[in-house]
Amino acid sequence: MSQVWGELDKRAVRNAKVLTADAVEQAGSGHPGSAISLQPVTYLLYQQHLRFDPTDPNFLGRDRFVLSAGHASLSQYLQLYFAGVGVELSDLKAFRTFGASLAGHPELGRTPGIEVSTGPLGSGVSMGIGMAMAARHDAALYDPQTPIEESIFNHRVYILAGDGCLQEGVTAEAVSLAAVQQLGNVILIYDENKISIDDDTDISFNEDTLSKFAAMGWHTQGVTWVGQDGYTEDVDALHEAITAAEAETDRPSIIALRSIIAWPCPSKQNSASSHGAALGESETRALKEILGYDPDETFHVDEEALAHTRANAAERARTFRSQWDNKYGAWRAASPERAALLDRVLAGELPENIASALPDFSESDSTATRSASGQVINSLADVMPELWGGSADLGDSNKTVIKKVDSFGPTDIATAMWHTSLAGRNIHYGVREHAMGNIMNGIAIDGLTSPFAGTFFVFADYMRPAVRLAALMDIPSTFVWTHDSIGVGEDGPTHQPVEHLAAYRAIPNLAIVRPSDAAETAQAWLEILRRRKPAGLILTRQNVPNPQRGKGSLSTAENLARGGYILSDCTGTPEVIIMASGSEVQYALGAQAQLPEVRIRVVSMPCMEWFDEQDVEYRESVLPACVTRRVSVEAGIAQPWYKYLAGGTPVALTDFGTVGSGAELFEHFGITTAGVVAAVRSELKR
């Protein structure tokens, strides 16, 4: 007899397996295998281990559950249903259908109780590790007087992953950093069913997983449900392993669970055929018969088991919430300033004085926008205690280091250069761009701080899946990408982004902001923080002239918030409009100065996405339809500009870069004042 479960618990798990099969069968597609065999695992977590409140899915003190193996979404949806977290039978019946609340893979914002959008394998592991890092930092920021394990802001992150997750490189990056960070609040359950779409994973994956994790510094345990006497579903052993992992507070923990996919389906268990397709009518009927259900009945609910699970979840929540709420009230009374900070951050508000905290670049000499960004970060850090971030081993190059503060991490990873603490605000991601992006996403999802992360723009390709997820989830992740063009120079074309601006502008709901000078860089940071949306800040290695402001209020850098604006205008209706972003704006202004006989308007276009959001009247005032002679200037491929060019001329790159200084490369490729002048003259002949 199980020490963990009674008969009603067993009935609830059997019911969840049957409902999983019915939901996939009705949808006509899905991934039933893992969702069926994982129901005992997720049931154990939701009914015995996770601290959460079914009536308040966003309760601040909750533990987080991340289903990295997102294809097994029904293993989570069913437990949300049985716990009473806003999922009902009608939702299960509509699984994977148009407009449904239950998508094929979990989506943040679509379903109550879902913490993060998962599906791309390994992304959940890395974002969960970000959540765990955030919890540690939250406790140090808001509750520094309390030991970390006793703080109301610290919580556990339970991650459920599969064979595919552990094969993805992003997982290796993230779990390596989790070990360095000694994240004792991470518990990773690895469902080792050894089946993937190509069937037995021995064909491609034969690692000794626990030895690998132990070598990195993880606490490791193994549980097998595959015994000599048959399949056991030994939940007591899994419960004991989870309990031991919860007691391990100095290291992240992994539990390798040897399971059988789709158990107890009679013919499709332990096979790839159950992974990504409905079981089929005959197999579904057979599964129901094995589990004691009427094969002719669909979506049958064991009402007694359902009442039991919902009552248990509610009672556990009442007990935990009562304790947590009392501690929270005492903390607010004892820490009014930190409580005010928490209230501001939760409200999505910035400090009232934030604009005045920005550096004044109006009198400065030429400055690389990456350097200007570094000054802005440090100025903002003084008034935003919640601001923190880092880079992929490029802190000095990306200018992402917050000065005179600790680096984030346990004290024993400090070096001669970097002092560490959990209150530290500099994150050292190492050369792990993909994991960095997803870890930052996890921090952003946590919601109690404002994170940023940087690397060279050309290496943004390593983290593109994480950027896409940030945009999909609509979370305030700020990607700081420096060395933005052929201006990188001597490192050669491997380090010179050419197609990257176009590629990242193609991602929906992602703002790509490429300021032209230091003043625009300051305003770019301010607007990104105000909007609380995913954004990429694209910055130069090389110095650019500053200021580049024309005359009149229309040209103030504050207009960057509108995405595009008139930087320098002519008298009367323009004959030609020159549009540019970033370091190339100087060449647009240079061409205007060299052609005083031509009525030229120069438009700075730091963010196409923000400009496209403006009303028709504003966009027409900047780019009047009657002016069709237009030139765009940008050191990348021209594709994004054609929607504004009206048949005009792009000054752009059509090939990869080459070796030489940045100045030599701009000259070689014709992205210069002379090149823009030639394009304007070509337009005048058109």
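Here the structure is shown first, and the text comes after it.
Below, the structure is looked at part by part. None of these values were measured; they are calculated from a predicted model.

**Observations regarding the layout of surface pockets**
- Approximately 550 Å³ is the volume found for the largest pocket.
- Forming the walls of the largest pocket are 26 residues, and the residues nearest its centre are N58, R62, I445, D446 and G447.
- Among the elements that line the lining of the largest pocket, the one with the most residues is helix α17 (residues 433-446), at 3 residues.

**Some thoughts on unusual backbone geometry**
- At the junction of W263 and P264, the peptide bond is cis and its omega measures out at 10 degrees in the coordinates.
- For P264, the location among the structural elements is in the loop between β9 (253-258) and α11 (281-290).
- Located in the positive-phi region is D199, a residue other than glycine, with phi close to 75 degrees.
- Structurally, D199 can be placed in strand β5 (residues 199-200).
- Residue D199 is classed as partly exposed on the basis of its relative accessible area, which comes to 33%.
- In the Ramachandran plot, H483 falls in the positive-phi region, its phi being about 55 degrees despite a non-glycine side chain.
- Along the chain, H483 falls in the loop between β16 (478-482) and α19 (500-505).
- Taking relative accessible area as the criterion, H483 reaches 6% and is therefore assigned buried.

**With respect to the nonpolar core**
- Membership of the largest hydrophobic core comes to 60 residues, with the highest contact counts inside it found for I129, W218, Y429, W481 and Y504.
- Sequence-distant contacts of I129, that is, excluding residues within four places in its chain, are made with I159, A174, V175, A178, L183 and I439.

**Considering helix α3 (residues 39-49)**
- Judged by how many residues are buried, α3 sits mostly within the fold: 10 of 11 residues are covered.
- Looking at α3, one finds that the buried residues are Q39, P40, V41, T42, Y43, L44, L45, Y46, Q47 and H49.

**Observations concerning the sheet that holds strand β2 (residues 157-162)**
- If you walk across this open sheet you meet the 5 strands as β1-β2-β3-β9-β6, and the pairing is parallel. The outermost strands of the open sheet, each flanked by one partner alone, are β1 (64-67) and β6 (219-224). Neighbour-to-neighbour, the strand axes of this sheet turn through a mean angle of 15 degrees, independent of strand direction.
- In terms of strand pairing, β1 meets β2 through 4 bridges, oriented parallel. Across the sheet, the residue bridging to V66 is I159, located in β2.
- Contacts between helix α6 (residues 123-142) and the sheet are confined to β1, β2 and β3 (186-192), with β2 contributing the most and set at about 170 degrees to the helix.
- Running at roughly 175 degrees to β6, helix α10 (residues 235-247) makes contact with β2, β3, β6 and β9 of the sheet.

**Considerations on the sheet that holds strand β22 (residues 600-604)**
- Taken together, 5 strands build an open sheet; the order of strands is β20-β22-β21-β23-β24 and the sheet is mixed. Edge positions in the open sheet fall to β20 (565-568) and β24 (649-651), since each of these has one partner strand only. The sheet shows a mean angle of 30 degrees between the axes of neighbouring strands, direction not considered.
- With 5 bridges connecting them, strand β21 (residues 576-580) and β22 associate as parallel partners. Bridge pairing in β22 places A580 opposite S604.

Parameters and conventions
Residues numbered from 1 in each chain as written. Predicted model: local features only at pLDDT ≥ 70, side-chain atom pairs only at ≥ 80, totals over all residues. Heavy atoms only, no water. 1 Å grid on protein atoms, 1.4 Å probe; cavity = no way out; pocket = protein on both sides within 12 Å on 5 of 7 lines; lining within 4 Å. Points joined across faces, edges and corners; volume = space filled by probe spheres on them. Helix = DSSP H or I, 4+ residues; strand = E, 2+ residues; numbered from the N terminus. Buried < 20%, exposed > 50% of the residue type's maximum accessible area, 1.4 Å probe, protein only. Core = buried A, V, L, I, M, F, W, Y, C linked by side-chain atoms within 4.5 Å. Contact = heavy atoms within 4.5 Å. Pairing = 2+ DSSP bridges. Axes fitted to C-alpha atoms, helices over the stretch in contact; angles between N-to-C directions.

Note that all results are geometric; they support no functional claim without further evidence.
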